[in-house]
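# Topology and contacts: notes
Take a look at the letters that make up each chain.
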Amino acid sequence: MTRKKFLAGNWKMQKTRAEASEFFQLFTKILGDLKNVTRVVDVAFGVPATLFDACSTNTAGSGVKILAQNVHFEKQGAFTGELSTGMLADAGLAGSIIGHSERRQYFAENDEAVGKKWNALALRGLLPVVCVGETKAEREQGKTNDVVTKQFEASFAHVSVEARANEFIVAYEPVWAIGTGLTATPEQAEDVHKMIRGLIDKHFGKERAESTRVLYGGSMNALNCAELLQKPNIDGGLIGGASLKPEDFSKMVQAALVAK
Ligand code: PGA
């Protein structure tokens, strides 16, 4: 089956509202009517909360999805500094990135928290973009598949039966490739993506395994994305550095538009 490609920018802790508006002006100028683009390829941006409004306004009616970069799993309460799924929905967001390696590394986000966030997003009708990936040492020790399997299954254990019925996306992001310029080769990425699709098959069945998008992330850019997107199990990308400039990111969208 052909899965619609999904290209998501991850702006991390970058851009002011004025810079976001500028980005979308140029992005639209290069790509033309974004509605025509998003009919063929899903385009999303994970942005800081201060930009939710500006990004939603700048992309209104285009089909571009705005995502958070994190969310709390509780519905509301005394959780200073956190945002709930209801708040994301209220802000017009499509979903959230969860379990990014920077959150795991610097903010002690573990598989259980990722699973609870996945559960809360899915129950609220929002899209969880679940990040998994091994460190350099883990790859060198041949543990990549074990690490990714554990991350997926230990999170999934906290997703209720009801929430499992809803769509999710997996982003395979080898930690050693993030922000380093060391992209996984298309073959390395394809191997892990295939394994992840097998995990989805095991827990969700064949149909869901075939329809669920698995994205690659880690130094994906305008030069290497076409080759990665050609692999049968790579359904798009989660892109950090190369999503900050409209000139670069629009080239990647163009590559996704023609990728089979
Ligand atoms: P990068 O980041 O493209 O800058 O490597 C990817 C990510 O962290 O999602």
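A few points on the structure. (Residues numbered from 1 in each chain as written. Predicted model: local features only at pLDDT ≥ 70, side-chain atom pairs only at ≥ 80, totals over all residues. Heavy atoms only, no water.)

## Description of the packing of helix α8 (residues 144-156) against helix α10 (residues 186-204)
It is at 11 Å that the axes of α8 and α10 come closest, and there the two elements cross at 35°. In this structure, the crossing between α8 and α10 has a hand that is right-handed. Listed contacts from α10 to T144, N145, V148, T149, F152, E153 and F156 of α8 are V192, M195, I196, L199, I200, K202, H203 and F204. (Axes fitted to C-alpha atoms, helices over the stretch in contact; angles between N-to-C directions. Helix = DSSP H or I, 4+ residues; strand = E, 2+ residues; numbered from the N terminus. Left-handed = near helix turned anticlockwise from the far one by under 90°. Contact = heavy atoms within 4.5 Å.)

## So, the site of the ligand
The environment of the ligand is made up of 13 residues, and the closest members are K12, H100, E173, G179 and S219. One nitrogen or oxygen atom from the side chain of H100 is found 2.7 Å from an oxygen atom belonging to the ligand. Between the ligand and G179 there is a distance of 2.7 Å, counted from an oxygen atom to a backbone nitrogen or oxygen. Its free accessible area being 280 Å², the ligand has 95% of it covered by the protein chains. By residue class, the composition of the shell around the ligand is 4 nonpolar, 7 polar and 2 charged. (Near = heavy atom within 4 Å. Polar contact = N/O pair within 3.5 Å; in protein donor to acceptor, adjacent residues only side chain to side chain. Areas by Shrake-Rupley, 256 points an atom, 1.4 Å probe, with all protein chains shown as cover. Nonpolar A, V, L, I, M, F, W, Y, C, P; charged D, E, K, R; others polar.)

## So, the layout of surface pockets
Roughly 530 Å³ of internal volume is contained in the largest pocket. Here the element with the most residues in the lining of the largest pocket is helix α5 (residues 101-107); it accounts for 3 residues. Of the residues assigned to the lining of the largest pocket, the class counts are 10 nonpolar, 7 polar and 4 charged. (1 Å grid on protein atoms, 1.4 Å probe; cavity = no way out; pocket = protein on both sides within 12 Å on 5 of 7 lines; lining within 4 Å. Points joined across faces, edges and corners; volume = space filled by probe spheres on them.)

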